[in-house]
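Chain by chain, the residues:
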Amino acid sequence: MTSRGANHNRPLLEVRDLHVSVGSVEILKGLNLTVNLGEVHAVMGPNGSGKSTLTNALAGKPEYAVTEGKVLYRGKNLLEMLPEERAREGLFLAFQYPVELPGIRVREFLRTALDALREHRGLDKGSLREFNKLLQEKAKELGLDEELVKRSVNEGFSGGEKKRHEILQMAVLDPELALLDETDSGLDIDALKVVADAVNKFRKPDKAILLVTHYQRILNYVTPDFVHVLIDGRIVRSGGRDLALELEAKGYEWIRDAVESGREISV
Amino acid sequence: MTQAPTKHDRYLADFEGFERDVAARGPEWLHELRQRALARFTEVGFPTARRGNERWKYTNINPIAEGTFSYPFAAGEVDGERLHTSIPWSDDWSRLVFVNGLHSAALSSVGVGADARSLAEALRADGQPAREHLGRYVTIEDDAFAALNTAFVHDGALVHVPKNGSLDRPLHLVYVTAAGAGPTVSYPRTLVVAESHSRLTLIETYAGFGEGRYFTDAVTEIVLGEGAQVQHYRVLMEEPDAFHVGITRVHLERDSTFTSTLFARGCAIGRNDLLATLDAPGSSCFLRGLYLTSGSQHVDNYVNIDHTQPHTTSRLYYKGILGGKSHAVFGGTVFVRPGAVKADARQEDKNLLLSDEAEVDSKPSLEIYADDVLCGHGATAGTVADDALFYMRTRGLDLNTAMVHLIKGFASEVLDKVEVEPLRLSLDRLTTASLPELQPGLVS
Ligand SMILES: Nc1ncnc2c1ncn2[C@@H]1O[C@H](COP(=O)(O)OP(=O)(O)OP(=O)(O)O)[C@@H](O)[C@H]1O
Ligand SMILES: [Mg+2]
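Keep in mind it's a predicted model, so treat the numbers as computed, not measured.

J.: How do you make sense of the coordination of the magnesium ion (ligand 2) when you look at a structure like this?
T.: Each donor-metal-donor angle in an ideal tetrahedron of four donors is 109.5 degrees, and each such angle in an ideal octahedron of six donors is either 90 or 180 degrees. Around the magnesium ion (ligand 2), the protein supplies S52(A) (OG) and Q96(A) (OE1) as donor atoms, at distances of 2.0 to 2.1 Å. Separated by 44 residues along the polypeptide, S52(A) in helix α1 (residues 51-59) and Q96(A) in the loop between β6 (91-94) and β7 (101-105) bring together distant segments of the chain.

If you want it as structure tokens, here you go:
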């Protein structure tokens with residue numbers, strides 16, 4: 001396992017002074033964040049503070065307009081890439097609210113997606129048998145019913161199934177940077193462990209994870225290198241694992257007060 | 001309301017020649033039926049007046065009424081190889097092929113054990129069950145199109161499955177219009193009698209070969225005896241400029257089950273009536289449909305399910321994919337007659353609009369005159385969901401691929417239920433091939 005800051009000279013994602021608006025409302029108001037290879041960053045913050053806006057903007061959601069700032073991914077301008085190009089370059093978003101795709105089966109969908117990624121990486125299509133085996137294996141690891149892959153994507157999935165299915169996709173598509181938006185919300189205790197195991201398995205020196213969460217509970221299993229607090233469109237404080245515990249004990253008001261009195265701390 | 005006489009002249013002239021040259025031989029009762037049908041047609045005329053006419057409210061059939069379509073006295077020709085590659089096909093199916101309304105023995109092939117014949121042949125012999133059933137379900141009172149078809153009733157398919165019998169493989173009825181000199185009209189007629197406890201899988205395909213405008217006026221009558229099970233598919237792949245009006249009536253006896261899937265590729269005007277009478281307890285029908293319209297096409301589906309008896313069940317699930325400036329209509333009525341307690345009916349029509357200019361009028365309705373029933377209906381029309389497109393793109397699918405998957409996913413909810421595998425694959429391909437027309441710029 002990598003230790004804190006071990007790869008700080010290998011930045012994967014650099015977010016500089018990012019401003020994002022939806023419609024005429026500015027939601028991210030100058031956000032800075034650097035994620036190096038091998039690191040796990042947790043982002044915490046109150047409802048509506050802009051966490052999903054950050055992950056969606058990074059994934060390229062069309063209605064999220066970047067009005068200022070820049071984002072580099074492996075030194076390349078991420079913002080000028082289409083969402084599918086970002087995915088092919090190794091970015092993955094586990095959605096807070098996964099979308100239903102009626103009539104599109106999990107297995108065929110993932111196969112199509114994997115083919116697109118492999119083609120981009122200059123690899124030929126793997127065999128269907130290997131793919132099915134991989135899918136079955138990963139689904140099993142995540143405690144998902146094997147029939148699930150024959151169903152329409154997210155349609156009629158329980159809340160927990162939806163979240164685990166996001167992680168299944170991550171495991172199969174094997175991205176480089178995983179943005180996990182509240183993947184732990186709505187999971188029972190056992191499912192949380194299963195998902196955490198999958199995330200830990202994914203965690204490697206040549207990968208990075210940005211984990212959005214409300215609960216420090218998942219951080220017991222997936223130990224973050226950094227914890228950031230996002231309030232009102234900015235990261236107002238960053239620290240280590242302990243910051244999450246402190247937040248849990250004191251709530252966000254404490255940080256808000258600290259920020260308002262000018263004692264902003266940044267890393 | 002009086003019709004301009006010229007609108008009928010062509011049909012009257014055709015009829016004279018038809019009776020003299022084509023239908024000269026044949027039983028007296030049939031001759032009489034035709035005469036009555038023609039009289040009925042000239043009396044009521046085409047339903048061009050839409051005001052107050054619920055059945056034709058959203059479909060303007062003037063282009064048909066004003067067209068000059070003539071009876072193709074010369075039999076057309078169709079290349080067997082081409083037929084094979086253009087429409088759903090399996091060498092395992094029995095088939096009866098009709099070109100311009102007339103049976104083509106050369107293109108047909110019926111397996112042993114199947115009583116599926118050319119109607120003209122059967123009528124010459126005055127055989128049962130044609131005499132007993134022909135015109136009994138789709139009557140000349142139904143409407144002008146039914147009357148006109150009956151006036152020209154001659155050839156088509158007669159399918160008879162005896163008591164406890166079953167056809168070991170699907171039966172494909174193929175009605176083809178071949179390019180000829182000038183616009184033609186054909187009058188396909190299908191009569192299916194499935195006696196008690198029999199089973200049948202039936203596919204009707206209507207297709208055009210060669211350019212041009214033509215008019216297909218089709219009538220299908222299907223009777224299910226007690227406990228009979230009929231799986232029915234209707235594939236419309238008329239030429240884009242063609243007109244198709246088809247009326248199907250299904251009569252169900254006790255504990256019989258009728259399952260039907262319509263696949264309709266759009267044409268200039270396409271109208272499909274499907275009228276089912278659940279006429280005995282325990283009878284049920286499951287109706288699905290998929291219609292695809294593009295350009296300035298117009299497709300109108302009119303479904304009428306009549307629950308006359310207690311403990312009858314009906315399900316309807318239709319879906320439409322509309323592009324361009326096309327227009328689709330769905331009119332579905334479920335009647336639950338007095339005393340038809342425990343009737344269970346649901347109908348749903350869902351539409352996917354791929355263009356701002358496409359339009360749908362979806363009017364499912366319920367008319368319930370009995371207590372203790374379970375009925376529901378719904379209609380939706382929506383565009384491709386941006387959220388879904390984004391979700392797919394974050395997995396590496398480009399916009400085109402994401403769009404193709406979403407549209408095909410929408411269609412698959414109907415197509416996946418097609419139990420005849422070669423047919424399902426074929427309809428899948430037809431849908432895929434239609435995508436660039438439905439959404440210009442899309443590569444399928
Ligand atoms: N597509 C949108 N249209 C309108 N407003 C939006 C949209 N997306 C986000 N917002 C607004 O931006 C603000 C931040 O939303 P965001 O989803 O980023 O919050 P969050 O930090 O993820 O909250 P939560 O913890 O509840 O998930 C909210 O006020 C939200 O209503
Ligand atoms: Mg959120």
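J.: Which parts of the structure should I look at to understand the interface of chain A and chain B?
T.: Many descriptions give the size of an interface as the accessible area lost when the pieces come together. Each side of the interface is counted separately: chain A has 35 residues, and chain B has 20 residues. For the pair chain A and chain B, the summed buried surface comes to about 2000 Å²; carbon and sulfur atoms form 64% of the total. The tally of links from chain A across to chain B stands at four salt bridges. A salt bridge links E166(A) to R395(B), with the shortest nitrogen-to-oxygen separation between them at 2.7 Å. Here chain A and chain B share 11 residue pairs in polar contact (both at pLDDT 80 or more) between them. Of all the secondary structure elements, the ones that give two or more residues to the side of chain A that touches chain B are α1, α2 (83-88), β6, β7, α3 (106-120) and α5 (159-173) of chain A. Its residues placed into classes, the side of chain A that touches chain B shows 21 nonpolar, seven polar and seven charged.

J.: Help me understand the site of ligand 1, please; the structure alone is not making it clear to me.
T.: All names here are of chain A. Not every one of the 14 residues close to ligand 1 is listed here, only the nearest: G48, K51, S52, T53 and H214. At 3.0 Å, a side-chain N or O of Q96 approaches an oxygen atom of ligand 1. At a separation of 2.8 Å, an oxygen atom of ligand 1 approaches a polar side-chain atom of H214. Burial of ligand 1 by the protein chains amounts to 62% of its free accessible area of 630 Å². It is α1 that provides the largest number of residues to the shell around ligand 1, a total of three residues. Looking at the shell around ligand 1, its residues break down into four nonpolar, eight polar and two charged.

J.: What is the right way to look at the environment of L366(B) in this model?
T.: Residue and element names in this part refer to chain B. Here L366 is to be found in strand β19 (residues 359-368). Under the relative-accessibility criterion, L366 is labelled partly exposed at 25%. Distance in space between the C-alpha atoms of L366 and Q347 is 9.2 Å, their sequence separation being 19 residues. Once residues within four sequence positions are removed from consideration, L366 is found in contact with V334, Q347, C375, G376 and H377.

J.: Hey, could you run me through empty space enclosed by the protein in this one?
T.: If a probe as big as a water molecule is rolled over the atoms, it shows which places are left empty. All names here are of chain B. Applying the stated criterion across every chain yields a total of six cavities of 30 Å³ or more. Estimated volume of the largest cavity: approximately 80 Å³. The wall of the largest cavity is formed by H232, R234, T248, S260, L262, N272, D273, L274, N301, Y302, V303 and Y318. For the lining of the largest cavity, the secondary-structure elements that each account for two or more residues are β10 (229-237), β12 (257-265), β13 (269-278) and β15 (298-307). Taken together, the residues that form the lining of the largest cavity break down as five nonpolar, five polar and two charged. Estimated volume of the second largest cavity: approximately 70 Å³. Forming the walls of the second largest cavity are Y71, P72, N100, G101, L102, F152, H154, D155, V185, S186 and Y187. Among the residues making up the lining of the second largest cavity, the classes are represented as six nonpolar, four polar and one charged.

J.: Please explain the sheet that holds strand β12 (residues 234-239) of chain A as it appears in this structure.
T.: The strands making up a sheet are joined through hydrogen bonds of the backbone, oriented either antiparallel or parallel. All names here are of chain A. Pairing in this open sheet of six strands is mixed, and the strands run β6-β9-β10-β3-β11-β12 from one edge to the other. Of all the strands in the sheet, just β6 and β12 have a single pairing partner and so form its edges. Each neighbouring strand pair of the sheet contributes to a mean axis angle of 20 degrees, computed without reference to strand direction. Bridge analysis of strand β3 (residues 40-44) against strand β10 (residues 208-212) gives four bridges, and the strand direction is parallel. Pairing of H41 across the sheet is with L210, part of β10. Contacts between α1 and the sheet are confined to β3, β6, β9 (177-181), β10 and β11 (226-231), with β6 contributing the most and set at about 145 degrees to the helix.

Reading the values: rules and limits
Residues numbered from 1 in each chain as written. Chains lettered and ligands numbered in written order. Predicted model: local features only at pLDDT ≥ 70, side-chain atom pairs only at ≥ 80, totals over all residues. Heavy atoms only, no water. Donors = N, O, S within 2.8 Å, 3.2 Å for Na, K, Ca; no water. Helix = DSSP H or I, 4+ residues; strand = E, 2+ residues; numbered from the N terminus. Contact = heavy atoms within 4.5 Å. Buried area = accessible area lost by both parts, 1.4 Å probe. Salt bridge = Lys/Arg side-chain N within 4 Å of Asp/Glu carboxyl O. Polar contact = N/O pair within 3.5 Å; in protein donor to acceptor, adjacent residues only side chain to side chain. Nonpolar A, V, L, I, M, F, W, Y, C, P; charged D, E, K, R; others polar. Near = heavy atom within 4 Å. Areas by Shrake-Rupley, 256 points an atom, 1.4 Å probe, with all protein chains shown as cover. Buried < 20%, exposed > 50% of the residue type's maximum accessible area, 1.4 Å probe, protein only. 1 Å grid on protein atoms, 1.4 Å probe; cavity = no way out; pocket = protein on both sides within 12 Å on 5 of 7 lines; lining within 4 Å. Points joined across faces, edges and corners; volume = space filled by probe spheres on them. Pairing = 2+ DSSP bridges. Axes fitted to C-alpha atoms, helices over the stretch in contact; angles between N-to-C directions.

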